[in-house]
Amino acid sequence: MIYFEDIQPGTRAAFGHYAVTRDEVIDFAQRFDPQPFHLSDEAAAQTHFGRLSASGWHTCAMMMSMLVENFKTHKQAGLGSPGQEELRWLKPVYPGDTLSIETEILDKRASNSRPEMGSYRSKITVRNQDGDAVMTTIAIGLIATRPAG
């Protein structure tokens, strides 16, 4: 189990493998972001995307799926997150892309009011199969301190 005391700024990791499918792009868009360029090849061809592209919010969801899958192997005493400091969609994500993640721990801070927990900031970069960064975010994680005893 990874606790607050184990988090070290500068630590980097690379993981994940998410195959983006056409059906999933359209299904997500129909439910959550029904803009034409996420739903139709013809509509997307008339935009700067040039072809059907995934919603940025779908890219966030795919990132989260890879993060949670990684937590199954590298268990953390995680307590959720108060949010993100930055979110940038750098390039479109298309059906047929395969996404992966790189993380870097930026810093950590013990809680002044709750000694049983702390927080850390992590830069997350989502890359496609060509190594191109398609999204970046700075996430804040809450994590328990190591239990006494």
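Above this text is the structure in question.
Only a predicted model underlies this, so the values are computations on that prediction, with no experimental measurement involved. (Residues numbered from 1 in each chain as written. Predicted model: local features only at pLDDT ≥ 70, side-chain atom pairs only at ≥ 80, totals over all residues. Heavy atoms only, no water.)

Asks: Which residues make up the nonpolar core, and what values do they have?
Replies: Counting 20 residues, the largest nonpolar core has Val 20, Met 62, Met 63, Val 93, Leu 99, Ile 101 and Val 126 as the members making the most contacts within it. Secondary-structure elements contributing two or more residues to this core are strand S1 (12–19), helix H1 (22–32), helix H4 (56–73), strand S3 (98–110), strand S4 (117–127) and strand S5 (133–144). The element that contributes the greatest number of residues to this core is H4, accounting for five residues. Excluding residues that lie within four positions of it along the chain, Leu 99 makes contacts with Gly 16, His 17, Tyr 18, Val 20, Met 62, Met 66, Val 93, Val 126, Arg 127, Asn 128 and Val 134. (Core = buried A, V, L, I, M, F, W, Y, C linked by side-chain atoms within 4.5 Å. Buried < 20%, exposed > 50% of the residue type's maximum accessible area, 1.4 Å probe, protein only. Helix = DSSP H or I, 4+ residues; strand = E, 2+ residues; numbered from the N terminus. Contact = heavy atoms within 4.5 Å.)

Asks: Quick rundown of H1? Include the residues and the values.
Replies: When we look at burial in H1, the residues that qualify are Val 25, Ile 26, Phe 28 and Ala 29. Looking straight down H1, one finds its buried side chains confined to an arc of 165 degrees; they lie on one side. Every exposed residue of H1 that faces more than 90 degrees away from the buried side is listed here: Asp 23, Gln 30 and Arg 31. Tucked inside the fold, the buried residues of H1 contact helix H2 (36–39) and H4. (Arc of directions from axis to C-beta.)

Asks: Go over the environment of Val 93 with me, naming the residues and quoting the values.
Replies: Along the chain, the position of Val 93 falls in the loop between strand S2 (83–89) and S3. Classification of Val 93 as buried rests on a relative accessible area of 2%. With 38 residues separating them in the primary sequence, Val 93 and Ser 55 have C-alpha atoms 7.9 Å apart. Dropping the residues within four chain positions of it, Val 93 is found in contact with Val 20, Ser 53, Ala 54, Thr 59, Met 62, Leu 99 and Val 134.

Asks: Run through the sheet that holds S2, naming residues and quoting values.
Replies: Taken together, the five strands give an open sheet; going across it, the order is S1-S3-S4-S5-S2, and neighbouring strands pair in antiparallel fashion. Whereas interior strands pair on both sides, the edge strands pair on one side only; in this sheet they are S1 and S2. Across the sheet, the mean angle separating the axes of adjacent strands is 20 degrees when strand polarity is ignored. Sheet contacts for H4: S1, S2, S3, S4 and S5; angle to S1, the most-contacted strand, approximately 120 degrees. (Pairing = 2+ DSSP bridges. Axes fitted to C-alpha atoms, helices over the stretch in contact; angles between N-to-C directions.)

Asks: Provide a residue-level description of the pattern of salt bridges, including the pertinent values.
Replies: Under the defined criterion, the tally for this structure stands at nine salt bridges. The salt bridge partner of Arg 146 is Asp 6, with a shortest N-O separation of 2.4 Å. Of the two residues, Arg 146 sits in the segment after S5 while Asp 6 sits in the segment before S1, which places them 140 residues apart along the sequence. For Arg 146, a relative accessible area of 39% translates into the label partly exposed. By relative accessible area, Asp 6 is classed as partly exposed at 34%. Linking Glu 69 and Lys 72 is a salt bridge whose minimum nitrogen-to-oxygen distance equals 3.2 Å. (Salt bridge = Lys/Arg side-chain N within 4 Å of Asp/Glu carboxyl O.)

Any functional reading would require information beyond the geometric quantities listed.
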